[in-house]
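# A look at the structure
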Amino acid sequence: MTQKWDVVIIGGGLAGLVAANYLTRNNLSILVLEKNKNVGGRARTDHIRQQYFNLGPHALYKKGKAKSILEELNIQLSGKSPKIGGILVENQLEYIAPLSPLGLLTSNFLSWKERIEWAKVLMKVMSIDNEKVVLQTYERWVQQTTRSENVQSLLYLLGRLATYCHSPNKVSAKVMLIHLKAALNGVLYLDKGWQTIIDQLHNNSVVSGIQFQTRKNVKQIVPIEQDHIKIVLSDGEVIVGKNVLCTVEPKELNQMLGEKSPFSQSDSFTKMESVKGSTLDVALTQLPNPKKVFAMGIVDPLYFSVHSNNALLSDDAKSIVLHVFKYQSPTDNKEWKKVKCELEQFLEKIQPGWKSYVITSRFIPQITVNQRLPQVGDEQMLQCSKNKIPGLYIAGDWASPYSILSEGAVTSGKQAAEEIIKKEKS
Ligand SMILES: Cc1cc2nc3c(=O)[nH]c(=O)nc-3n(C[C@H](O)[C@H](O)[C@H](O)COP(=O)(O)OP(=O)(O)OC[C@H]3O[C@@H](n4cnc5c(N)ncnc54)[C@H](O)[C@@H]3O)c2cc1C
């Protein structure tokens, strides 16, 4: 006899684990299926040679929805906020970043006229009515907002920092501005990395009786009669759920549903682009230049930040853990050796001689930061994909129209859980 579960969650990343935590205390039988050896997905942290490496730079918005939902679930978040500031780099030149009040006064990047313009633009970002830009791309909004090329570059740079999106001509201005506002309110770097969030969510679920099965690769989702859904694993095992919450990427979900997928007709759903980047994660015994802890390229889409300056990220509490990152656009050069060199050279510019102090480092040539590049019109497309199959729910960082990254994963996980609870109670 195949056991029938009230809820089967496919994927043990942030979205799946948040949903699992909300579903507890409802007297439902719940199973989480995860294809990897461990849960965590892209929010996991690797412990390598006593250093805690998130998968690339991870920062939690201090006033974002994800943080308040995690706190609602009693997740302890320990860590500190980096100061907004640092330096901006273009060719061989360095400028003080005009991202804080002091930076604005002292930066040599902007003329006095541009500084006033920049201050006004920042105030506009904080007070803008997002509904007014719902039909615009970010590029359009930036061009309408300021004529100054330097101020435009700052808006593109801050947009990349806040969202990892590097396609201003495609991305939705509304999504960019929502996240930009959140980022300007500060972020948190977490002690021992984002694994601490995953571990707490996982432990709470296990204690509440939720079952986890790892190394279970779901291949097929087949709706069957009587409001039940059959799940077929790659080894042929069959699992049946009354409600199924799927948190995998959209293309994989489409494949799981096969020819009968109600989403395969929707071009935007199958052709959804993702947000990608390359990361160089580095641990050093010391920083050659301890004064430089944050830098971004003005034209080159590059990022550098010393995360251990604001979070405990090594067992000895002394090592330096930093991330160098390249924001990718779909048309980018995919010669990974060159990309690695570019990241190393950027680090060399800011921290000359860093290679002498390396404890460990790793280069990930291409990683998906967000499963959906948020574009104008996504809301309708996502709305249409809802409730197509009774009992099938969707969550993940791509599934919320106006939230991406952990904001999207956590809010959609909570929302799907609430919808399941409502259905089960009705
Ligand atoms: C380099 C980088 C930097 C980032 N920085 C930030 C940041 O600063 N701030 C921020 O808020 N967010 C950041 N993010 C984004 C954040 O990590 C993700 O949005 C979030 O972790 C996604 O969670 P998820 O549950 O939607 O997806 P995932 O974490 O991908 O979880 C999906 C899970 O499903 C499992 N799965 C997939 N297919 C199957 C299958 N067939 N069967 C069973 N299981 C399956 C996967 O193994 C995975 O565990 C960053 C991400 C990256 C990669």
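Described in the following lines is the structure provided in the data block. (Residues numbered from 1 in each chain as written. Predicted model: local features only at pLDDT ≥ 70, side-chain atom pairs only at ≥ 80, totals over all residues. Heavy atoms only, no water.)

Near the ligand you find 36 residues, and of these Glu34, Arg42, Ala59, Glu252 and Ser406 are the closest. In the model, an oxygen atom of the ligand is placed 3.0 Å from a nitrogen or oxygen of the alanine 15 main chain. In this structure, a nitrogen atom belonging to the ligand sits 3.0 Å away from a side-chain N or O atom of asparagine 217. Alone, the ligand offers 1,000 Å² of accessible surface; in the complex the protein occludes 96% of this. (Near = heavy atom within 4 Å. Polar contact = N/O pair within 3.5 Å; in protein donor to acceptor, adjacent residues only side chain to side chain. Areas by Shrake-Rupley, 256 points an atom, 1.4 Å probe, with all protein chains shown as cover.)

Moving on, we come to the packing of aromatic side chains. Tallied over the full model, the rule gives 7 aromatic pairs. Considering the side-chain rings of tyrosine 95 and phenylalanine 109, the 5.2 Å spacing of their centres and the 65 degrees angle between planes classify their relative orientation as edge-to-face. One end of the pair, tyrosine 95, is in strand β8 (residues 93-96); the other, phenylalanine 109, is in the loop between α3 (101-106) and α4 (112-127), and 14 residues separate them in sequence. An identical accessibility class is assigned to tyrosine 95 and phenylalanine 109; each is buried. (Phe/Tyr/Trp six-rings, centres within 6.5 Å; stacked < 30°, edge-to-face > 60°. Helix = DSSP H or I, 4+ residues; strand = E, 2+ residues; numbered from the N terminus. Buried < 20%, exposed > 50% of the residue type's maximum accessible area, 1.4 Å probe, protein only.)

Attention shifts here to the sheet that holds strand β14 (residues 275-284). What links the strands of a sheet is backbone hydrogen bonding, and the strands pair in either a parallel or an antiparallel sense. The 7 strands are arranged β8-β7-β15-β16-β17-β14-β18 in an open sheet whose pairing can be described as mixed. The sheet is open, and its two edges are formed by β8 and β18 (358-370), each paired on a single side. Going across the sheet, the axis of each strand differs from the next one's by a mean of 20 degrees, ignoring polarity. Relative to β18, β14 runs antiparallel, the two sharing 9 bridges. Paired with leucine 284 across the two strands is valine 358, which belongs to β18. The strands that helix α11 (residues 336-350) touches are β7 (87-90), β8, β14, β15 (294-297), β16 (302-306), β17 (320-327) and β18; relative to β17, the one it contacts most, it runs at about 130 degrees. (Pairing = 2+ DSSP bridges. Axes fitted to C-alpha atoms, helices over the stretch in contact; angles between N-to-C directions. Contact = heavy atoms within 4.5 Å.)

What follows covers the nonpolar core. In globular proteins that are soluble, nonpolar side chains generally tend to be buried together. One finds Leu88, Trp118, Tyr138, Trp141, Leu155 and Leu177 to be the most contacted residues of the largest nonpolar core, which totals 53 residues. With residues near it in sequence (within four places) discarded, tyrosine 138 still touches Leu155, Tyr156, Gly159, Pro168, Val171, Ser172, Ala173, Met176, Leu177 and Leu180. Membership of the second largest hydrophobic core comes to 38 residues, among which are Val7, Leu190, Ile198 and Leu245. (Core = buried A, V, L, I, M, F, W, Y, C linked by side-chain atoms within 4.5 Å.)

The N-to-C vectors of helix α2 (residues 65-72) and helix α13 (residues 405-425) enclose an angle of 45 degrees; their axes lie 8 Å apart at closest approach. Taken together, the axis directions place α2 and α13 in an arrangement best described as oblique. α13 is crossed by α2, and the crossing has left-handed handedness. Between α2, through Lys65, Ala66, Ile69 and Glu72, and α13, the contact on the second element is made entirely by Ser406, Glu407, Val410, Thr411 and Lys414. For the contact of α2 with α13, the class distribution of residues is 3 nonpolar, 2 polar and 4 charged. (Parallel < 35°, antiparallel > 145°, perpendicular 65-115°, else oblique. Left-handed = near helix turned anticlockwise from the far one by under 90°. Nonpolar A, V, L, I, M, F, W, Y, C, P; charged D, E, K, R; others polar.)

What follows concerns the environment of glutamine 220. Mapping glutamine 220 onto the fold places it in strand β11 (residues 218-224). Using a relative accessible area of 39% as the deciding quantity, one classes glutamine 220 as partly exposed. Measuring from C-alpha to C-alpha, the distance between glutamine 220 and glycine 236 comes to 9.8 Å, with 16 residues separating the pair along the chain. Not counting the four nearest positions on each side in its chain, glutamine 220 is found in contact with Lys230, Ile231, Val232 and Met256.

Attention now moves to the side chain of threonine 360. Considering the arrangement of structural elements, one finds threonine 360 in strand β18. A relative accessible area of 11% means that threonine 360 is categorised as buried. The contact partners of threonine 360, leaving out residues within four places of it in the chain, are Ile48, Arg49, Gln51, Phe53, Asp281, Val282 and Ala283.

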